[in-house]
Amino acid sequence: MAKKDDIIISIQNVSKEFDDVLVVDDFNLYIKKGEFVTFLGPSGCGKTTTLRMIAGFEMPTSGKILLNGEDITNLPPYKRPVNTVFQRYALFPHLDVYENVAFGLKLKKIKATVTDKKGNVKEIERKLTREEIDEKVRKALRIVDLEELEWRDISTLSGGQQQRIAIARAIVNEPEILLLDEPLGALDLKMRKEMQLELKEMHRKLGITFIYVTHDQEEALTMSDTIVIMKDGMIQQIGTPEDIYNEPENAFVADFIGESNIYEGTMVGDKKIRFLNHVFDCVDEFPIHEKVDVVLRPEDIKLAPVNQGMVNGKLTSKVFKGVHYEYVMMVGRSEVVIQDTRNLDINCEASISVVPFDIHIMKKEFVSNMYDAYIDKNNKVVISEEPFECDVTQLIPGTVLDEDGYLVDKDGKRYDLTDADVKVEVGLKDIEIADDEEEGNITGEIVSIIYKGDHYQVIVRTEEDEDFVVDTEYTWNELDRVSVKIAKEKIKMTLKQEAKNYVKD
Amino acid sequence: MVKKIFAKSYVALILCLMYAPIFVLIAFSFTTSTLIGDWSGFSLELYTSLFKNKEIMEALKNTVLIALSSAVVSTILGTLGAIGIFYCKKKVRRTFEFIGQIPILNPEIVTALSLTILFVFLGIKFNFITLMIGHIILTIPFVVLSITPKLKQMDSNVYEAALDLGAKPSTALRKVVIPEIIPGILSGFILAVTLSLDDYIITAFTRNNSFQTISTYVYGVTAKKGALPPTLRALTTIIFIVTLVLLILLNLKGKKKEVRR
């Protein structure tokens, strides 16, 4: 960790709820002076809310935000030495360019010392003079390269120009931290690339801390010193762009950043891993027999003629991408995406090889689905407010169901499990999903899909905010509404309390 | 072709039915004959006698006074109300927007009667203030209604941007939100003025009986004599022209804004 006085802002255990929905969950982060930090994640991951809490537009439900060691958690935005560049610029349309940029300066009061007639030196607060404002506005407009537009109306400017004015309006106040909320989202691709480099240059020149929010992974990699990857209000990984690309912490990060092949593998020995029906040497240490996720970046895989590499397969497709060709090779039932600059024939056998350093192994995010549930009076298990058929006899070994719905053990003791709290475990492969919303027990929306070589890992989120993680061979789309079905015998349950608490007398 | 001619003449007929009476009235305000249809030569006498008629002048003064003062108050209250409602949470906002629509659809006579009953119940004597309250209640929903769309059009971040740049909430409201919605405020004000100018029902129920406005005066004379005093032709012409000017002003403002976008 950095030295204490290097830290400009520290966010400690910050959580934010909107109408009982947890949007940011126990967020912890230290940001150093002058750092360029990017919050990266898909929409709805809580990145903008976190930024708005730093700006002061939202107050955390719990936790603290410290700026230079001082608690600013409940300070209103107009008292924070922080300025924001908004997503849709939020320029003031009734003011011209100059007035927009000068807005903050005209409200600013600075400390000054004056000598009165009697020769006493006093400290007073005064507003900036017109000359001072003029000079600062010109300087800010020069930084964003728009000096000649001073007197233009906002509505006559292009999107890119408005963007620059929004930046000038923020930096003219010399904030300690500049917050940027997807500032390039509305620009076209070419303009966006230019602005990325310009912003980076601006950051270097100004030397102030930038906190940048984006869902564009390439933008984050290009610009940041540090990237904070978020999902569902939680930080997934904090690191430099290189760290995050080369050493993703989990399958979500690997899938979100860059192109990747993700497989399920098993550790079969010391630094030996089995996936794609082959045992590879690797550099990461994991306990033997542990199931893990493996990431191979397409550019790290070398193509070779058949039998000359580690694993054989059949090349099935080729797409020209400018700098390289993108090949797909089928190894058994798994797809391998490979980038290679050579133009090779497809529909023929070939082989691939990977050096141990390029095999990145991650702890599995999900091993199985775990739920807190209870048994209802019909002996069904209620998960996320919906009843599922299950075999309750597994809860108390050696019992059978009698005709009244009570469990009876061999001594004739009867148990009434109504309202009993249970822990439920369901394997990832034991859940089925269906298009037909009537077919399954509960419906939800697909919130995430990760391809793992020969199957997809899909997360279905119900209205009650419960997740069902499902391994499936079939292709689904994000935001599809589907129903979830679990076979009776696949639901594994254990009682949370001892069985004797449920004895019926 | 025939179809086109038919369509055009149909529109002309409708417009004619709508506006002919007004044009007849305007035309006959420039002649002195007591009967409409009986042209006795061009004259401005009706106008001169109109301005000499003390009763009418008093009523006109009262009408303008009540229209402007009630419009100012309801514009201020309506603006603050619209902003307040806009920044409420969704549920609260919906409720307020619904409640705000009731007086617009509610028959005026109900509002007028209930106000009268309220004032009598509270033992308040009918005076200028009760009349003003009546007119404010009549016009406020329309002011809110003409400002709300402007607030919705506004970039939702501009208020936050002002706070971010160091403006206190009151400064942000004054320097950013109000200038953004000023066209809505102006049209709300003009709407309030015109509604108040020609209102009879609420005025009749909430005024002090010695206080005459143009509408109560006209109703008064027509009720007594049955026939329309000729001077009123000049008065209605003036009112029509003033309304027309206000309407044109309102439309011009809207157009300018569109051109800029």
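Bear in mind that the values here come from a model prediction, so they are computed numbers and not experimental data. (Residues numbered from 1 in each chain as written. Chains lettered and ligands numbered in written order. Predicted model: local features only at pLDDT ≥ 70, side-chain atom pairs only at ≥ 80, totals over all residues.)

(A) Broad picture of the interface of chain B and chain A. At the interface, 17 residues of chain B touch 18 residues of chain A. Among the elements that make up the side of chain B that touches chain A, the one with the highest residue count is helix 7 (residues 158–164) of chain B (five residues). Looking at the side of chain B that touches chain A residue by residue, the class counts come to seven nonpolar, three polar and seven charged. (Contact = placed C-beta atoms within 7 Å. Helix = DSSP H or I, 4+ residues; strand = E, 2+ residues; numbered from the N terminus. Nonpolar A, V, L, I, M, F, W, Y, C, P; charged D, E, K, R; others polar.)

(B) Structural context of the packing of helix 5 (residues 108–122) of chain B against helix 6 (residues 128–153) of chain B. All names here are of chain B. Relative to each other, helix 5 and helix 6 sit at 145°, their axes nearing to 11 Å. Here helix 5 runs over helix 6; the crossing is right-handed. Seen from helix 5, the contacting residues are Thr111, Leu115 and Phe119; seen from helix 6, they are Thr130, Gly134, Ile137 and Leu138. The residue makeup of the contact of helix 5 with helix 6, split by class, is four nonpolar, three polar and no charged. (Axes fitted to C-alpha atoms, helices over the stretch in contact; angles between N-to-C directions. Left-handed = near helix turned anticlockwise from the far one by under 90°.)

(C) Main features of helix 5 of chain B. Look at helix 5 of chain B: 21 Å from first C-alpha to last across 15 residues, which is about the 21 Å you get at 1.5 Å a residue. At the C-terminal side of helix 5 of chain B, Gly123(B) shows a positive phi close to 70°. (Expected span 1.5 Å × (residues − 1).)

(D) Here's a closer look at the pairing of strand 11 (residues 226–231) of chain A. All names here are of chain A. With six of its six residues buried, strand 11 lies for the most part within the structure. Residue alternation in strand 11 divides its side chains into two sets, Thr226, Val228 and Met230 and Ile227, Ile229 and Lys231, and both sets are buried. In this sheet, strand 12 (residues 234–239) lies alongside strand 11 in antiparallel orientation, the contact comprising five bridges. By the bridge assignment for strand 12, Val228 is matched with Ile238. Between the antiparallel neighbours strand 11 and strand 12 lie two residues, among them Asp232 with a positive phi of about 50°. (Buried ≥ 20, exposed ≤ 12 C-beta atoms within 10 Å, placed from the backbone. Pairing = 2+ DSSP bridges.)

(E) Inspection of the sheet that holds strand 10 (residues 209–214) of chain A at higher detail. Residue and element names in this part refer to chain A. In space, the six strands of this open sheet follow the order 6-9-10-3-11-12, with mixed pairing throughout. Of all the strands in the sheet, the pair left with one neighbour each is strand 6 (82–85) and strand 12. Each neighbouring strand pair of the sheet contributes to a mean axis angle of 20°, computed without reference to strand direction. One ladder, built from four bridges, connects strand 3 (residues 36–40) with strand 11; its direction is parallel. Counted as the bridge partner of Leu40 is Ile229 from strand 11. Those strands touched by helix 4 (residues 159–171) are strand 6 and strand 9 (177–181), and its axis lies near 175° from that of strand 6.

(F) Molecular detail of the packing of helix 6 of chain B against helix 8 (residues 169–197) of chain B. All names here are of chain B. Across the interface, helix 6 lies against helix 8 with an axial gap of 8 Å and an inter-helix angle of 155°. In terms of orientation, helix 6 lies roughly antiparallel with respect to helix 8. Crossing of helix 6 over helix 8 shows right-handed handedness. In this structure, helix 6 uses His135, Leu138, Thr139, Phe142, Val143, Ser146, Ile147, Pro149, Lys150 and Leu151 to contact helix 8, whose residues at the interface are Ile181, Pro183, Gly184, Ile185, Ser187, Gly188, Leu191, Ala192, Leu195 and Ser196. (Parallel < 35°, antiparallel > 145°, perpendicular 65-115°, else oblique.)

(G) Spotlight on the domain arrangement of chain A. Residues and elements named next belong to chain A. Here chain A is described as being made up of domain 1 (4–81 + 175–246), domain 2 (251–363) and domain 3 (368–504). Contributions of two or more residues to the side of domain 2 that touches domain 3 are made by helix 8 (251–256), strand 13 (261–269) and strand 20 (334–340). The dominant element in the side of domain 2 that touches domain 3, judged by the number of residues it contributes, is strand 13, at four residues. Across the side of domain 2 that touches domain 3, the residue classes break down as four nonpolar, two polar and four charged. (Domains from an automatic or database assignment.)

(H) Fine view of the domain arrangement of chain B. Residues and elements named next belong to chain B. In terms of domains, chain B is made up of domain 1 (1–43) and domain 2 (53–260). A straight line from the C-alpha centre of domain 1 to that of domain 2 covers 31 Å. Counting from both sides, the interface comprises seven residues of domain 1 and, opposite them, six residues of domain 2. Split by residue class, the side of domain 1 that touches domain 2 holds four nonpolar, three polar and no charged.

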